[in-house]
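What follows is each chain in one-letter form.
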Amino acid sequence: DIQMTQSPSSVSASIGDRVTITCRASQGISSWLAWYQQKPGKAPKLLIFAASSLQSGVPSRFSGSGSGTDFTLTISSLQPEDFATYYCQQANTFPLTFGGGTKVEIK
Amino acid sequence: QVQLQESGPGLVKPSETLSLTCTVSGGSISSYYWSWIRQSPGKGLEWIGYIYYSGTNYNPSLKSRVTMSVDTSKNQFSLKLSSVTAADTAVYYCARERADSSGYYYAYWGQGTLVTVSS
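Remember, predicted model here, so these are calculated numbers, not experimental data.

**Student:** How do you make sense of the packing of aromatic side chains when you look at a structure like this?
**Tutor:** How two aromatic rings sit relative to each other is given by the distance of their centres and the angle of their planes. On inspection of all chains with the given rule, the structure shows 19 aromatic pairs over all chains. Both rings, one in Tyr36(A) and one in Phe98(A), keep their centres 6.1 Å apart while their planes meet at 45°; by these two values the pair is tilted. Pair noted here: Tyr36(A) is in strand β4 (residues 33-38) and Phe98(A) is in strand β10 (residues 97-98), with a separation of 62 residues, a long-range link. Assigned by exposure class, Tyr36(A) and Phe98(A) land together as buried. With a centroid separation of 5.6 Å and 85° between ring planes, the pair formed by Tyr33(B) and Tyr104(B) is classed as edge-to-face. On the criterion of sequence distance, the pair formed by Tyr33(B) in the loop between β3 (18-25) and β4 (34-40) and Tyr104(B) in the loop between β9 (90-97) and β10 (106-109) is long-range, its members being 71 residues apart.

**Student:** Honestly, the interface of chain A and chain B in this entry has me stumped. Any pointers?
**Tutor:** Accessible area lost on assembly of the parts is the figure often given for the size of an interface. Each partner contributes residues to the interface: chain A has 20 residues there, and chain B has 19 residues. Area buried by chain A at its contact with chain B is led by Phe94(A), Leu96(A) and Phe98(A), which between them contribute 31% of it. Inspection of the chain A/chain B interface yields zero salt bridges. Across the chain A-chain B interface, the total number found is nine residue pairs in polar contact (both at pLDDT 80 or more). Secondary-structure elements contributing two or more residues to the side of chain A that touches chain B are β4, β5 (45-49) and β9 (85-90) of chain A. When residues in the side of chain A that touches chain B are grouped by element, the largest group, four residues, is from β4(A). Class assignment for the residues of the side of chain A that touches chain B results in 15 nonpolar, four polar and one charged.

**Student:** What is the right way to look at the state of the cysteines in this model?
**Tutor:** Note on terminology: a disulfide is the covalent bond linking the sulfur atoms of two cysteines. Under the defined criterion, the tally for this structure stands at two disulfides over all chains. The side chain of Cys23(A) participates in a disulfide bridge whose partner is Cys88(A); the two sulfur atoms lie 2.1 Å from each other. Here the disulfide of Cys23(A) and Cys88(A) is right-handed, its torsion about the S-S bond being about 70°. Of this pair, Cys23(A) sits in strand β3 (residues 19-25) while Cys88(A) is found in strand β9, placing the two residues 65 residues apart along the sequence. Judged by its relative accessible area of 0%, Cys23(A) falls in the buried class. The side chain of Cys22(B) participates in a disulfide bridge whose partner is Cys94(B); the two sulfur atoms lie 2.1 Å from each other.

**Student:** Would you explain the pattern of salt bridges in this entry?
**Tutor:** Any two side chains of opposite charge can pair, on the condition that their charged atoms come close. Residues and elements named next belong to chain B. Evaluated as defined, the whole model comprises eight salt bridges over all chains. Between Arg38 and Asp88 there is a salt bridge whose closest N-O contact spans 2.8 Å. In this pair, Arg38 sits in strand β4 while Asp88 sits in the loop between β8 (76-81) and β9, placing the two residues 50 residues apart along the sequence. Asp88 carries the same exposure label as Arg38, and that label is buried. Residue Asp100 pairs with Arg98 through a salt bridge whose shortest N-O separation is 2.6 Å.

Quick notes on the rules
- Residues numbered from 1 in each chain as written.
- Chains lettered and ligands numbered in written order.
- Predicted model: local features only at pLDDT ≥ 70, side-chain atom pairs only at ≥ 80, totals over all residues.
- Heavy atoms only, no water.
- Phe/Tyr/Trp six-rings, centres within 6.5 Å; stacked < 30°, edge-to-face > 60°.
- Helix = DSSP H or I, 4+ residues; strand = E, 2+ residues; numbered from the N terminus.
- Buried < 20%, exposed > 50% of the residue type's maximum accessible area, 1.4 Å probe, protein only.
- Contact = heavy atoms within 4.5 Å.
- Buried area = accessible area lost by both parts, 1.4 Å probe.
- Salt bridge = Lys/Arg side-chain N within 4 Å of Asp/Glu carboxyl O.
- Polar contact = N/O pair within 3.5 Å; in protein donor to acceptor, adjacent residues only side chain to side chain.
- Nonpolar A, V, L, I, M, F, W, Y, C, P; charged D, E, K, R; others polar.
- Disulfide = S-S within 2.5 Å.

What follows is the structure in C-alpha cells.
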C-alpha cells in the first residue's frame with residue numbers, strides 16, 4: 001500500500017495567517033492527490049483534487065501544489081471557519097489511502 | 001444534488017456480521033462507483049472498497065470479510081463485513097466520486113454512522 005505522511009500533525013495559527021500543510025507519498029503518485037477538510041462530527045469535504053484543482057464552491061484561499069511524492073495544501077489567509085482537520089488522499093493506486101491528518105487550531 | 005444516507009445497526013456483537021445500507025437520492029445508482037470508507041481513532045480514514053454496475057474492488061486488508069451489493073430498484077447499495085471484532089468499531093461513510101469521473105476523489109459523502117462492536 002502507498003503510505004501517506006502528513007506534517008505537521010497539528011498547527012496553531014491566527015486569523016489571517018498563511019498555513020501550509022505537507023503530504024508525502026511513499027511512492028510516486030503523479031498528481032493523483034486530493035485534500036479534504038473535516039470538522040467534528042461531519043464527513044470530510046473535498047477541497048482540492050488532482051493535486052491543484054479547486055473543487056467547485058471552495059474558497060480561492062485554498063490551493064494545492066505538488067506532484068510525484070511531495071504535495072502541499074496552502075490556506076492563504078486563515079478564516080474562523082477553517083479551523084478543522086485536513087487530510088490528503090492518494091487516488092493513484094488501490095487500495096486508496098489517506099494521510100493521518102493535520103489539525104489546524106486557534107492560536 | 002446527490003445525497004447519500006447510511007443506515008443500519010449501531011451495535012454489533014463480536015464475530016457477527018455488520019450490515020449497512022446507503023440510500024442515494026438526487027441521482028441514479030446505475031452510474032458511478034459507490035464506495036465505503038470508515039474512520040476510527042486508531043486507524044484514521046480507511047477505504048473499504050467500491051461497487052459499480054459490473055463489479056467490485058475491495059481493500060485487500062478487508063477483502064476476505066467484505067461483500068458489497070447494489071439494489072437499483074431502491075437506489076441503494078450495501079456493505080456487509082463479517083466476523084467483526086472491536087477493531088472494526090468506526091464511523092462508516094458511504095461516498096461517491098466527482099460527477100466528471102476525473103478520478104477517485106470523493107465529492108459526495110453520507111453523514112456517517114457509528115458502528116460499535118461489543119458484546
